[in-house]
Each structure stands twice: as C-alpha cells, then as structure tokens.
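Listed here are the chains, written in short residue letters.
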Amino acid sequence: QVQLVESGGGLVQAGGSLRLSCVASGSTFSRNVMGWFRQAPGKQRELVATMSSGGSTIYADSVKGRFTISRDNAKSTVYLQMGSLKPEDTAVYYCKLYQLPAGINYWGKGTLVTVSS
C-alpha cells in the first residue's frame, strides 16, 4: 500500500547541485522516519541522510556539509538538496520510509544521479 516515488536525478557537472524529491502515499507521512540511501556500482547500499518525525537528522560523513535533508509533511514529501557534487556521489539514490507504529521499511525504486568531472 505504501508507495514512494523519487524524482530529480540526472546528469550534473562536478561542483553543481541537484535536489531530489520523494513523494509518499498510503501512509501517515508525519509519523514516519524518512531517509535517503544510495548505491554505487559494485558497492553496498549506504545511508546518506535520515530525518525523524521530530526533525532530528543523521548524515553520512561523506556528505556532511554538502547535502541537506528536509521534509514537508503537508506535501508528504522528503527532499535531498545536494551541493558541491563530486564524481564519487554518482549512484542510484533511494528513498526510504519507516512506517510507524508497524515498524516496516518501504523503499522507492530509485533515481540515478550521475556527476561528471
């Protein structure tokens, strides 16, 4: 029932910026922990950033100071603002929703971000 749809990926030059969006449906968005993960070719999926329902955030060290996660509960949308992009940021970025009170993770299909040098 829960559906997540990411958008905003694409090709960008190193040093540029992109904003990813994830729209959630089928859940009470404001109760959920939202997060962004990414997976580069040949690597494990890794945490990029999360935001709790109360606004607490966690960032991977590799993106700290460059990326910002935010959420708009009225729009059931979570964003990832990415700046100072590097080629090593190239990956498929996935939106995740942790549904409360059931305690279930849901994943989007991903959106590809490619950073050229």
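These lines cover the structure that appears in this document, whether it is placed above or below. (Residues numbered from 1 in each chain as written. Predicted model: local features only at pLDDT ≥ 70, side-chain atom pairs only at ≥ 80, totals over all residues. Heavy atoms only, no water.)

**Here's the deal with the side chain of Ser21**
Here Ser21 lies in strand 3 (residues 18-25). What makes Ser21 buried here is its relative accessible area of 13%. Each residue touching Ser21, except ones within four places of it in the same chain, is listed here: Val5, Glu6, Ser7, Trp36, Thr77, Val78 and Tyr79. (Helix = DSSP H or I, 4+ residues; strand = E, 2+ residues; numbered from the N terminus. Buried < 20%, exposed > 50% of the residue type's maximum accessible area, 1.4 Å probe, protein only. Contact = heavy atoms within 4.5 Å.)

**Topic: the state of the cysteines**
Covalent bonding between the sulfur atoms of two cysteines is what defines a disulfide. Under the definition given, this model contains one disulfide. A disulfide bridge connects Cys22 with Cys95, and the sulfur atoms are separated by 2.1 Å. Its S-S torsion of about -85° marks the bond between Cys22 and Cys95 as left-handed, since a negative value means left-handed. Of the two residues, Cys22 sits in strand 3 while Cys95 sits in strand 9 (residues 91-99), which places them 73 residues apart along the sequence. Each of the two residues, Cys22 as well as Cys95, counts as buried. (Disulfide = S-S within 2.5 Å.)

**Details of the sheet that holds strand 8 (residues 77-82)**
In spatial order, the strands read 1-3-8-7; together these four strands make up an open sheet with antiparallel pairing. One side of each edge strand has no neighbouring strand; the edge strands of this open sheet are strand 1 (3-7) and strand 7 (67-72). Recorded for the sheet is a direction-independent mean angle of 15° between the axes of neighbouring strands. Bridging between strand 1 and strand 3 involves five bridges; their strand directions are antiparallel. Each residue of the ladder has a partner; that of Leu4, found in strand 3, is Ala24. (Pairing = 2+ DSSP bridges. Axes fitted to C-alpha atoms, helices over the stretch in contact; angles between N-to-C directions.)

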